[in-house]
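Report on the structure
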Amino acid sequence: MTTNQMIKASIHDHFIQFLQQKEQYEARMAGDFLEELHKMIGTESTLNMTELHTIACIGDQEPINVTSIADKMNLSKGNTSKITHKLLKAGWVRKTQLNDNKKEVYFRLTTAGKRLFAIHEELHNKEMQRMEQFLNKYSETELEFIKRLFGDLTDLYR
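We now turn to the structure provided with this report. (Residues numbered from 1 in each chain as written. Predicted model: local features only at pLDDT ≥ 70, side-chain atom pairs only at ≥ 80, totals over all residues. Heavy atoms only, no water.)

Here the focus is the nonpolar core. Side chains of nonpolar character tend, in soluble globular proteins, to be buried together. Counting 18 residues, the largest nonpolar core has Ile 55, Ile 58, Leu 87, Trp 92 and Val 93 as its most contacted members. Counting residues per element, the ones that place at least two in this core are helix H2 (49–61), helix H3 (66–73), helix H4 (77–90), strand S2 (101–109) and helix H5 (111–135). No other element matches the 5 residues that H2 contributes to this core. (Core = buried A, V, L, I, M, F, W, Y, C linked by side-chain atoms within 4.5 Å. Buried < 20%, exposed > 50% of the residue type's maximum accessible area, 1.4 Å probe, protein only. Helix = DSSP H or I, 4+ residues; strand = E, 2+ residues; numbered from the N terminus.)

What follows deals with the packing of H2 against H5. In contact at an axis separation of 9 Å, H2 and H5 are set at 105° when each is read in the N-to-C sense. It follows from the interaxial angle that H2 and H5 lie roughly perpendicular. On H5, the residues that touch Leu 52, His 53, Ile 55, Ala 56, Gly 59 and Asp 60 of H2 are Gly 113, Leu 116, Phe 117, His 120 and Glu 121. Of the residues in the contact of H2 with H5, the class split is 5 nonpolar, 4 polar and 2 charged. (Axes fitted to C-alpha atoms, helices over the stretch in contact; angles between N-to-C directions. Parallel < 35°, antiparallel > 145°, perpendicular 65-115°, else oblique. Contact = heavy atoms within 4.5 Å. Nonpolar A, V, L, I, M, F, W, Y, C, P; charged D, E, K, R; others polar.)

On to the pattern of salt bridges. For the structure on display, the rule yields 3 salt bridges. The shortest N-O distance in the salt bridge between Glu 122 and Lys 126 comes to 3.6 Å. A residue pair is termed a helical-turn pair when its members lie 3 or 4 positions apart in one helix, as Glu 122 and Lys 126 do in helix H5 at 4 residues. Residue class for Lys 126 comes out partly exposed when judged on its relative accessible area of 48%. A salt bridge links Glu 127 to Arg 130, with the nearest nitrogen and oxygen atoms 3.8 Å apart. Linking Glu 127 with Arg 130, this pair stays in helix H5, spanning 3 residues, or about one helical turn. Its relative accessible area of 28% is what places Glu 127 among the partly exposed residues. (Salt bridge = Lys/Arg side-chain N within 4 Å of Asp/Glu carboxyl O.)

For H2, spanning 13 residues, the distance from its first C-alpha to its last is 18 Å, which sits close to the expected 18 Å at 1.5 Å a residue. Within H2, burial applies to Glu 51, Leu 52, Thr 54, Ile 55, Ala 56, Cys 57, Ile 58 and Gly 59. (Expected span 1.5 Å × (residues − 1).)

Before going further, it helps to examine the packing of H2 against H3. Relative orientation of the contacting elements H2 and H3 amounts to 115°, with a least axis distance of 10 Å. Regarding the angle of H2 to H3, the classification is roughly perpendicular. Our pair here, H2 against H3, has a crossing hand that is right-handed. Of the residues in H3, those touching H2 at Thr 50, His 53, Thr 54, Cys 57, Ile 58 and Gln 61 are Ile 69, Lys 72 and Met 73. When the residues that make up the contact of H2 with H3 are grouped by side-chain class, the tally is 4 nonpolar, 4 polar and 1 charged. (Left-handed = near helix turned anticlockwise from the far one by under 90°.)

In structure tokens:
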């Protein structure tokens, strides 16, 4: 095996290890999040990450329709409709219509949805600070490479 092949194999091994650790970290975070949610809102929740991020999208953009949610989250309209229906049924969002367009359905957060949105934003901001502190050890040139690498990885797994 050449040095180049050994380096690539090592990168692959580190990538697999990273994915496994990320999965474990997300499971811990989801558990912590749901526990925090239960304490603050007093409810059991079965939200997955896509549903949680749909709530965040609605909170950021409300009022917003299914098409716009799907576009912003890179989801199909059918999948987005299923998610919003579940969120509506669970009481996280409500349907509204604009005064000038009674045909189109828009979504807004309920009071409970707004509390969940605020909890999510707080946790998201903490994660952003954690990532920023981690990235502080890299030069601007290294950061540009990391940005390109993750962009390419995103494209690879699309």
